[in-house]
Amino acid sequence: DDDIFSSAFCEKSEKLINVHLFALAAKYYSLSNLGVCTPLEDVLEALKGDSEEAAGVKPDEFMNNKKSHEVQVMSELVDSIANYCGIKQVIDVGSGKGYLSSFLSMQYNLKVYGIDSSSSNTNGAHERNRKLKKHWRAYQSRGKENLKSQSLEMANDRPVEHELNCKKINEELLNNANSLQNQDQVIVQDLGASCGFTEMAALETNTETEADLVTGTQSHETKLSEDVLAVLNVLPVDAVEDFSSSHCDCGELCEEEKVQRKMTSLKTKARKSSESNLYLPLTSCITAETELSDIITDLEDCMMVGLHTCGDLAANTLRIFTAKPEIKAVCSVGCCYHLLSEQFENQEECHDQVWGFPMCQYLKDKSWCCGRNARMSACLALERVAVGQMLPTESLFYRAVLQVIIEEIYGVTKSDRHVGKTFSKSSSFIDYVRRSLKKLELDDSKLPDSCIMDYYEKYKHRMNELEAFNMLKVVLAPCIEVLILLDRLCFLKEQKNIAWSGLVKLFDPVKSPRCYAVIALKNQSC
C-alpha cells in the first residue's frame, strides 16, 4: 500500500524515519515480487517444439565461473529462439571478447556476427576464437586415442558365449535381417520397458549369437563414439569425425550406400567451405540509426542478442530490432545503467537526439527522470550483499573524501573525467588522492601530504555512516532497475509488429547481478 509505505518518511522534513518500512517497500516493488517476469523454464518449453536437446560441453574450462554461467544459459535460450524462428544468423551486439559469439557458433552451429565498437576487443576475439578451435581439436585428438584404447580393451576382455548377456531383437527386424547386405544395420536393443518394442524374441542358436556378438561389438563402438562426440559436440556437426564409420569395410558397402556417402562427403565439403567462418567479429559503433546491411553484407533473417550491453546500447538494440524487418527476435541483457542518457535529466532540449531513457511513451508523457545517482544505485548488487559479499566500504570512503577535496581545494563540482579503478592500484590514501588528481588533470603540487591526511582524519569517524547510507542504496537498487527494465518492456508492448515480449530472469543474481533479459519475437508476417 503506497500510503503505508509513505510513512517511512517524515511528512515535513521528508527524511527517512522508518528503515524497516523502507526495506519492505523496496522489496514489494522489486521485479521478483511484482510477478511480471516469465520463468525461463516456461519460455524454453514453449520454444522447444519438436527440436532435440543438443548434447553440450560446459564452457567453464576457458571462462571464469561468472562468464561460463552466463554464456551457457543464454546460448541455450538463443538457440531455442533461433530454432523456433527458423533462422541461422545471429548478431551479437557489444560482443566484447566474443565469449557468447564463439560458443553460439561452435556449440550450436549458428552463424554469428559479433559487433563491438572496440577494435582491440574485435582483434582479441579473433585470436581467442582461433585458440578455442585449437582447444576443441585437442579434445577431438584425445577422443580418438581414448576410443581406440577402450575398443582394444573390450575386444581383449570380451567374455565367451556363455557369459553374454541375453539380448532380444525385434521380430520384424530379425525376419528382414537376411535381406540386409550389412550386419551393422541390424538394430539390437537391451530388454527394457523404455526400448519401445512390444514383441521380442530370445536369441537361441549359435548363428544368432554370432550375429549378436558382431552387432553388439559395433553397438559398443557406436556407444563409445557417442560418448566422445558428446564432448566434441562444441564443434559444428560436419567438423567432427564419426569414429565408428572408420571401422567399416568399404568393400562391403552396397552401391547405393557408396553413392550416398559420396554425396554426403561432397555436401560436407561444400558446407565447410561456405561456413569456414561461423563467427565473424566486426568493429563498428552501433546507434539507433545504424544500418546493419552496411556492416553485414549477407544480412538475412536473423536475431539480435546482447549480453550485458552497456548504457544506451541496450536501448538501441531494441530500437533496431523493432525497425528492421530482417530481425525476427531479440534477447538483450543490459548493464551499466549509470551510463544511460536521459531525455529529461537536463533542461536543454535536443530534439534530434535518441535517448536511452525513457523509451516508452507512457514515461515520456510524464517527463520521467531518474538522475545519475539513482542510476548508479541501480547497478548495485543486493543479492551479493545478502550472502555476505559486502560493499567495498574503504574504497567508497576514499572516493567520498576525494570529492570533498576536489570541491574545496580546486572548486570543481563536475568533470567529464573519471577516477576509475584507482583504489586497487594505490598503496595509501595519499597515493590514491595523487593518482586521482593526475587522472582528473588537476595540479597536485599545491596539496601537501599533511593536508590530504587532515581531510582523511576529519571524516574517518563518518565511515560507518557512509556504509549505512550505501546499504540503503543497495536496498533501493532493485526498484530503480525495475523502472528501467519495465520502460524497455513497455516500449516493446507499444509496437504493433511484436508477437510476444517479456522479461526473463536468466542468471543466478549472485553470480551475475544484471540477470534479467528483455526478449521479444516478431509476428511471423513481419
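Computed from a predicted structure; not experimentally measured. All chains use their own residue numbering, which begins from 1 and follows the written sequence. In view of the model being predicted, local features appear only for residues whose pLDDT reaches at least 70, and side-chain atom pairs are presented and counted only at 80 or more, with totals across whole chains, interfaces and linings using the full set of residues. Neither water nor hydrogens contribute to the side-chain values; these are computed over all heavy atoms in the structure.

**Student:** I'd like a rundown of helix α6 (residues 99–108), residues and numbers included.
**Tutor:** Here's how the labels work: a residue is buried when its accessible area is under 20% of the maximum for its type, exposed when over 50%, partly exposed in between, all with a 1.4 Å probe on protein chains only. Each helix is a run of H or I in the DSSP string that is no shorter than four residues. Each strand is a run of E no shorter than two, and both are numbered from the N terminus. α6 sits mainly inside the fold: nine of its ten residues count as buried. Residues Leu100, Ser101, Ser102, Phe103, Leu104, Ser105, Met106, Gln107 and Tyr108 constitute the buried set of α6. Downstream of α6 by a residue or two, Asn109 has a phi angle that is positive, lying close to 60°.

**Student:** Describe helix α5 (residues 65–85), naming the residues involved and giving the relevant values.
**Tutor:** Between its terminal C-alpha atoms α5 stretches 30 Å, which fits the 30 Å expected from 21 residues at 1.5 Å a residue. We define a polar contact as two N or O atoms separated by no more than 3.5 Å, with the added condition that, inside protein, one atom must be a possible hydrogen donor and the other a possible acceptor, whereas residues neighbouring each other in sequence contribute only through side-chain atom pairs. Put simply, Asn64 is the residue that caps the front of α5, since its side-chain oxygen is 3.2 Å from the backbone nitrogen of Lys66. A positive backbone phi angle near 70° is found at Gly86, which sits one or two residues after α5. By this rule the span expected of a helix is its residue count minus one, scaled by 1.5 Å.

**Student:** Outline the packing of helix α17 (residues 429–439) against helix α18 (residues 449–459), supporting the account with residue identities and numerical values.
**Tutor:** For helices, the fitted line uses only the C-alpha atoms of the stretch in contact; every axis is such a line through C-alpha atoms, and the angle between N-to-C directions lies from 0 to 180 degrees. Taken N-terminus to C-terminus, the directions of α17 and α18 make an angle of 110°; their axes are 10 Å apart at the nearest point. Relative to α18, the element α17 lies roughly perpendicular. Side by side, α17 and α18 meet where Phe429, Ile430, Val433 and Arg434 of the first sit next to Asp449, Ile452, Met453 and Tyr456 of the second. Counted by class, the contact of α17 with α18 contains six nonpolar, no polar and two charged residues. Throughout this description, any angle smaller than 35 degrees is read as roughly parallel, any larger than 145 degrees as roughly antiparallel, any in the 65 to 115 degree range as roughly perpendicular, and the remainder as oblique. Contact between two residues is taken to exist if any of their heavy atoms lie within 4.5 Å; hydrogens are not considered. Amino acid classes used here: Ala, Val, Leu, Ile, Met, Phe, Trp, Tyr, Cys and Pro are nonpolar; Asp, Glu, Lys and Arg are charged; the rest, including Gly, are polar.

**Student:** Quick rundown of the pattern of salt bridges? Include the residues and the values.
**Tutor:** Salt bridges are defined by distance alone: a side-chain nitrogen of Lys or Arg within 4 Å of a carboxyl oxygen of Asp or Glu. For the coordinates displayed, the defined rule picks out 15 salt bridges. Among the salt bridges present, the one from Glu345 reaches Arg375, with a minimum N-O distance of 3.3 Å. Of this pair, Glu345 sits in the loop between β7 (327–335) and α13 (361–365) while Arg375 is found in helix α14 (residues 372–378), placing the two residues 30 residues apart along the sequence. Accessibility expressed as a relative area gives 29% for Glu345, which makes it partly exposed. As a salt-bridge pair, Asp431 and Arg435 come within 3.1 Å of each other at their nearest N and O atoms. Here Asp431 and its partner Arg435 are both found in helix α17, four residues apart, which amounts to about one turn of the helix. Among the residues examined, Arg435 registers a relative accessible area of 36% and is labelled partly exposed.

**Student:** Describe the pairing of strand β9 (residues 516–522), and please don't skip the residues or the numbers.
**Tutor:** Where burial is concerned, most of β9 is hidden: seven out of the seven residues are buried. Looking at chain direction, β7 and β9 are connected through four bridges and run antiparallel. From the neighbouring strand, Cys331 faces β9, where its bridge partner is Ile519. In this scheme, strands are said to pair when DSSP sees at least two bridges between them. In terms of strand pairing, strand β8 (residues 498–505) meets β9 through seven bridges, oriented antiparallel. From the neighbouring strand, Lys505 faces β9, where its bridge partner is Tyr516.

**Student:** Break down the nonpolar core for me, citing the residues and quoting the values.
**Tutor:** For our purposes a nonpolar core is just a set of buried Ala, Val, Leu, Ile, Met, Phe, Trp, Tyr and Cys residues, chained together by side-chain atoms within 4.5 Å. Among the nonpolar cores identified, the biggest contains 72 residues, and Met74, Leu77, Met303, Cys331 and Leu506 are the most heavily contacted of them. When residues no more than four places from it in sequence are discounted, the contact partners of Met74 are Leu100, Val305, Gly306, Leu307, Cys331, Val333, Leu506 and Phe507. Ile405, Leu447, Cys451 and Tyr459 belong to the second largest nonpolar core, which has 22 residues in total.

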